[in-house]
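The primary structure of each chain is shown beneath.
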Amino acid sequence: MTIRIVPKEQLESNYAQKTSVVGHTPLLFLPHIKSLYITRTSRLKQLGKDSPLADYIAFCTQISELQNELVKSMPVKPSTDLRDLIVNVQKQGCAPLSLTNFPLNTLWQSYLDYLIERLLGHNKQIDQAIVELKAKTMQEKQDLATHLLNGEFDQVPKTDSLFIWSALSCYYAQLAAQLPATAEADLGETRQFCPICHSHPTASIVHLGGQASFRYLHCSLCESEWYVPRVKCTNCEESSGVHYYSLDKELAAIKTECCDNCQSYLKIGYQDQDPELEIIADDLASLLLDEETEKAGFAKTGLNPFLLP
Ligand SMILES: [Zn+2]
Ligand SMILES: [Zn+2]
């Protein structure tokens, strides 16, 4: 099954025929931009309290707070008609906010400037990275962003990646939130990339109050979530050989879903086990679980915005 993006009104007119696929459970959640960073900030504060990663989590908390300030003080007003982007992808079969369908302009760079200006003073190493990033030309920064969006992480210094991705994500999440889009299930097996922006997921999540059999992949860039069936590898689509690790109890709120077929894993978070679970924050704070899963020979397919490769 593949998730295909369609304009909102089109699905509504076809609703009767689409509901047979997965009942009334939505296939797609676009980000709620007003609460996104507030929820993340408060979860990061909570998780950072007794964590061996407390310093780094505190730094990420500061980024999340700044992202929230950005969406309030410098909201994105798209110059393109967002509906056109969706109509266009119906013909081309790509994601509406992918680079192919929606070329990157330089608006995100004002976000980057805002962020790095306020992140100065954390420590010498970060200050040095910020000074060097500030000295780059607009074109150089645009090239770095394009590398990241194309998944070419080795082309970008690690410290730059964090700041650039945080700015890009804040920009793309606002665009995604404004898309007059919904989704339908289509034939095919392509679901490991975000149907809105074509980035990698961070992890998958089973929502509180949702049907227990439904889980969603959470996008590491635009923060949209799309439906994927349970107990099936999100990387290679195999369902045999999928098993779970957790650090402590059987009913842990966060586990790794490991696949013997492709030797990959992705975290899965269960909000019924912890209603306050916020998937990006919880994925970051459970690094020990990554270490243990990697020791067992599995490689992560998810991408956390705060832990870019
Ligand atoms: Zn996305
Ligand atoms: Zn697999």
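Residues numbered from 1 in each chain as written. Chains lettered and ligands numbered in written order. Predicted model: local features only at pLDDT ≥ 70, side-chain atom pairs only at ≥ 80, totals over all residues. Heavy atoms only, no water.

**Thoughts on the coordination of the zinc ion (ligand 1)**
Here the zinc ion (ligand 1) is held by Cys 194 (SG), Cys 197 (SG), Cys 219 (SG) and Cys 222 (SG), and the distances to it run 2.3 Å. Between the donor residues of the zinc ion (ligand 1), the gaps in sequence give the motif C-x2-C-x21-C-x2-C. In this pair, Cys 197 is assigned in the loop between β3 (181-186) and β4 (201-206) and Cys 222 in the loop between β5 (214-219) and β6 (225-229), connecting sequence segments 25 residues apart. (Donors = N, O, S within 2.8 Å, 3.2 Å for Na, K, Ca; no water. Helix = DSSP H or I, 4+ residues; strand = E, 2+ residues; numbered from the N terminus.)

**Quick notes on the coordination of the zinc ion (ligand 2)**
Each pair of donors in an ideal octahedron of six around a metal sits at 90 or 180 degrees, and each pair in an ideal tetrahedron of four sits at 109.5 degrees. Every protein donor of the zinc ion (ligand 2) is listed here as Cys 233 (SG), Cys 236 (SG), Cys 259 (SG) and Cys 262 (SG), and their distances to the metal cover 2.3 Å. One way to put it: the four donor atoms around the zinc ion (ligand 2) meet at angles of 106 to 114 degrees, and that makes the site tetrahedral. In primary sequence terms, the donor set of the zinc ion (ligand 2) follows C-x2-C-x22-C-x2-C. The exposure class of Cys 233 is buried, given its relative accessible area of 5%. The exposure class assigned to Cys 236 is partly exposed, which follows from its relative accessible area of 25%. (Tetrahedral: all angles 85-135°; square planar, octahedral: opposite > 155°, others 65-115°. Buried < 20%, exposed > 50% of the residue type's maximum accessible area, 1.4 Å probe, protein only.)

**Notes on helix α9 (residues 158-178)**
If you check α9, its first and last C-alpha atoms are 30 Å apart, about what 21 residues at 1.5 Å a residue would give, namely 30 Å. With 17 of its 21 residues buried, α9 lies for the most part within the structure. (Expected span 1.5 Å × (residues − 1).)

**Examining the packing of helix α3 (residues 33-48) against helix α4 (residues 54-73)**
Angle between the axes and distance between the axes: these two values describe a pair of packed helices. At a closest axis distance of 9 Å, the pairing of α3 and α4 adopts a crossing angle of 165 degrees. As far as their axial angle goes, α4 and α3 are roughly antiparallel. With respect to the hand of their crossing, α3 and α4 are arranged in left-handed fashion. Of the residues in α4, those touching α3 at Ile 33, Lys 34, Tyr 37, Ile 38, Arg 40, Thr 41, Leu 44, Lys 45, Leu 47 and Gly 48 are Ala 54, Ile 57, Cys 60, Thr 61, Ser 64, Glu 65, Gln 67, Asn 68 and Val 71. Of the residues contributing to the contact of α3 with α4, the split by class is nine nonpolar, six polar and four charged. (Axes fitted to C-alpha atoms, helices over the stretch in contact; angles between N-to-C directions. Parallel < 35°, antiparallel > 145°, perpendicular 65-115°, else oblique. Left-handed = near helix turned anticlockwise from the far one by under 90°. Contact = heavy atoms within 4.5 Å. Nonpolar A, V, L, I, M, F, W, Y, C, P; charged D, E, K, R; others polar.)

**A closer look at the domain arrangement of the protein chain**
Interfaces are often described in size by the accessible area the parts lose on coming together. Here the protein chain is partitioned into domain 1 (2-30 + 182-300) and domain 2 (33-178). For domain 1, the biggest contributors to the area lost against domain 2 are Leu 221, Glu 223 and Leu 284; these three give 25% of the whole. The interface formed by domain 1 and domain 2 contains four salt bridges. For Arg 40, the salt bridge is made with Glu 223, and the minimal N-O distance between the two is 2.6 Å. Remark: the boundary between domain 1 and domain 2 carries eight residue pairs in polar contact (both at pLDDT 80 or more). The greatest single-element share of the side of domain 1 that touches domain 2, amounting to five residues, is contributed by helix α10 (residues 279-285). Looking at the side of domain 1 that touches domain 2 residue by residue, the class counts come to 16 nonpolar, six polar and seven charged. (Domains from an automatic or database assignment. Buried area = accessible area lost by both parts, 1.4 Å probe. Salt bridge = Lys/Arg side-chain N within 4 Å of Asp/Glu carboxyl O. Polar contact = N/O pair within 3.5 Å; in protein donor to acceptor, adjacent residues only side chain to side chain.)

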